Number of protein chains: 2
Amino acid sequence: MSKVTVFGAGAWGSTMAQVLSDAGNEVLLWGRSEDVIAEINTSHTNTKYLGAHTLPHALTATTDLQQAFDFSETYVLAIPAQQLRTTLQEWKPFFKPTSTIVSTLKGIEISTQMRMTEVIEDVLGSHKIAIITGPNLADELVLRQPAGAVAAAPTTELAETIRDLFRTPYYRVYTSVDVMGCELSGAIKSVIALAVGISIGMGYGENTQAMLITRGLNEVARLCAAHGSDPLSAAGLAGMGDLVASCGSPLSRNRTFGEVVGRTGSMAKAREEVAKTVEGVASAGAVVEIAHRVGVEVPVIEAVGEIVSEQLSPEAALQKLMEITTKAENFIR
Amino acid sequence: MSKVTVFGAGAWGSTMAQVLSDAGNEVLLWGRSEDVIAEINTSHTNTKYLGAHTLPHALTATTDLQQAFDFSETYVLAIPAQQLRTTLQEWKPFFKPTSTIVSTLKGIEISTQMRMTEVIEDVLGSHKIAIITGPNLADELVLRQPAGAVAAAPTTELAETIRDLFRTPYYRVYTSVDVMGCELSGAIKSVIALAVGISIGMGYGENTQAMLITRGLNEVARLCAAHGSDPLSAAGLAGMGDLVASCGSPLSRNRTFGEVVGRTGSMAKAREEVAKTVEGVASAGAVVEIAHRVGVEVPVIEAVGEIVSEQLSPEAALQKLMEITTKAENFIR
């Protein structure tokens, strides 16, 4: 039995805390909101984020940062991706040199084009840093529906430690030593999910979606390869798995936003209808830059970039995409 | 401009004939039914299979087998997979040694566990044989919605010839020299789609589906590798693409059948509700045998085999699947 602290008491952090508790760990959940934390401790619910769902009674919560860091040496981060840097800068004095940091965040830091573990290392210096990622929608995982995930770390030993920490009868955790490939796949999938949403909004069906998903993941794989990571991570749970789950869920913000763009042809209307931050919109430009930096052709991702930056209409972008010469279908070359 | 004969005037054959006509070829469509063929020639519709859709006026049709074979030297087969052998045995005298045969069939011949091009070669002997496959639901492709496909042949030259024959502004055709991998991927996808349907019937959401799709394709990739074909074909349009389209379509027979099994736990009820042949049910046993012959572990496919043969309930099969030890997430090793 290990002790683990989860930072972030939203839907995702609370779900991760439940998984870790179900896996037999002693878990402390840290959150900013006094109300949310008090409710978790007293009635074992988090109605703001998880409705009537009852969390494990063994799970305790706190707003006290010192207590959270003192509780364990394993810190699971479930805070918003674009707030990671400023949050860690603020928390830096609390981290111990021996602590293990597990990122559950998906995204690219827009201003620096860094992956989440790069931001962690940039702010905190060298630590044992791992990630857990995959097709894990919080609202299904919290109901303990069967799901798979990947624990990735620089060493097999650390990846297996993280796998053992999280795995439960309903949560199958595989291991990987390709942190970069898993992170790139998880971040870029939001851009492809946006493309799929746009095609749905334009009135197209499964054939078009499947083409965008498959050729989009092909681009992710080539991007991974160009960065020296394993292109097959894109074909695993972090890439294909996560993308399929995002595209299948009508609740996915990327898909929903894309649908409005495809239907109306207007980014302004989409911003109006989907008021929240949409990761694929925010990061499309950064991903195109990442691709250009290593000289990889990414026509699906570029099409999204051109739609999002209002250089092309969805129709014009799709037509441009369909006109590109087709060659051999190679996943990684 | 090439001349092409398409054999099979159902929804799929008629759609393929339209694509070939749109691509600028002179196309003759052969079918058994006098009524269907007469209707295509006079009113350019095929109401039995394609509703009110109007086919290209340039497209002509015939029931005359001699005329069909004399018309061209490129024969596109769009007949039912399990009838391929007996049909070809009957047609054998018509084939010329110089003719090119393009299979659009997906499936494994149950009695022999042969792939479709193996059956063709077994009956007709050596010919120029190619396939075209991918996420192409007929009802969407016939509306000219954007779609991708793979033309696979033993040589790049033949694959490119087939690509050039089929490609249109709405149909992106990639090439591959991995006929076996593309055929195995296209055949086995129906078994995985059945698994996904079962999970939906059991009440599970996107996480569970994405896990089954990703890990199922991992099994397909390993099966391909064990047969000496390219495991990455499973990550392409023939594998991932086709599977995603099948799982996304509520009209997919594999998915629909699986949903009834998952919901009721009864194969008999599913057979009652879905009266037609379901490829994934028919071929699950054959695919398990193919896997065992080469010593590849295929837990998702085996779970489907055990449910279909009524050895395990969906609940028991899923539980067994979730209990298997997770190791490194490798796509092909």
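All values reported here derive from a predicted model rather than from experimental measurement.

As for unusual backbone geometry
One non-glycine residue, glutamate 310 of chain A, lies in the positive phi region at around 60°. The class of glutamate 310 of chain A is exposed, set by a relative accessible area of 53%. For glutamine 113 of chain B, which is not a glycine, the phi torsion comes out positive at approximately 60°. Along the polypeptide, glutamine 113 of chain B turns up in the loop between strand E6 (108-109) and strand E7 (114-115).

What to know about the relation of the copies chain A and chain B
After a rotation of 180° and a shift along the axis of 0.0 Å, chain A superposes on chain B with an RMSD of 0.0 Å. Those values place the two copies in the arrangement expected of a two-fold rotation axis. Closest approach to the rotation axis among the C-alpha atoms of chain A is made by alanine 235 of chain A, whose C-alpha sits 3.2 Å away. Same-surface contact between copies: 100% of interface residues of chain A are shared with the interface of chain B.

Description of the UniProt feature "active site" (unreviewed entry) in chain A
Residue and element names in this part refer to chain A. Taking the UniProt record as the reference, the feature "active site" (unreviewed entry) is found at Lys189. Here lysine 189 shows up in helix H9 (residues 179-201). Setting aside chain neighbours within four positions, we find lysine 189 in contact with Lys106, Asp242, Leu243 and Ser246.

Things to note about the interface of chain A and chain B
Counting residues at the interface gives 55 residues for chain A, matched by 55 residues for chain B. Each partner contributes to the roughly 4,600 Å² buried at the junction of chain A and chain B, and carbon and sulfur atoms together form 59% of this total. Where chain A meets chain B, there are zero salt bridges. Among the elements of the structure, helix H7 (138-141), strand E9 (147-152), strand E10 (171-176), helix H10 (206-226), helix H11 (237-248) and helix H16 (314-323) of chain A are those that each provide at least two residues to the side of chain A that touches chain B. Considering every element that reaches the side of chain A that touches chain B, the biggest residue donor is H10 of chain A, with nine residues. Residue classes in the side of chain A that touches chain B are distributed as 29 nonpolar, 15 polar and eleven charged.

Some details on the environment of lysine 48 of chain B
Residue and element names in this part refer to chain B. Along the chain, lysine 48 turns up in helix H3 (residues 47-50). You can call lysine 48 exposed: its relative accessible area is 60%. In the structure, lysine 48 is positioned 15 residues away from serine 33 in sequence and 11 Å away in space, judged by C-alpha atoms.

Regarding the pairing of strand E8 (residues 128-133) of chain B
Residue and element names in this part refer to chain B. In terms of burial, E8 is largely enclosed, as five of its six residues are buried. Across four bridges, strand E5 (residues 100-103) lies against E8 in parallel orientation. Residue pairing across strands places valine 102 opposite alanine 130, the latter belonging to E8. Across three bridges, E8 lies against strand E9 (residues 147-152) in antiparallel orientation. The residue bridging isoleucine 132 from the neighbouring strand is alanine 151, located in E9.

Calculation notes
Residues numbered from 1 in each chain as written. Chains lettered and ligands numbered in written order. Predicted model: local features only at pLDDT ≥ 70, side-chain atom pairs only at ≥ 80, totals over all residues. Heavy atoms only, no water. Buried < 20%, exposed > 50% of the residue type's maximum accessible area, 1.4 Å probe, protein only. Helix = DSSP H or I, 4+ residues; strand = E, 2+ residues; numbered from the N terminus. Least-squares fit on C-alpha atoms with pLDDT ≥ 70 in both. Contact = heavy atoms within 4.5 Å. UniProt positions renumbered as here; feature names shortened; annotations may be inferred. Buried area = accessible area lost by both parts, 1.4 Å probe. Salt bridge = Lys/Arg side-chain N within 4 Å of Asp/Glu carboxyl O. Nonpolar A, V, L, I, M, F, W, Y, C, P; charged D, E, K, R; others polar. Pairing = 2+ DSSP bridges.

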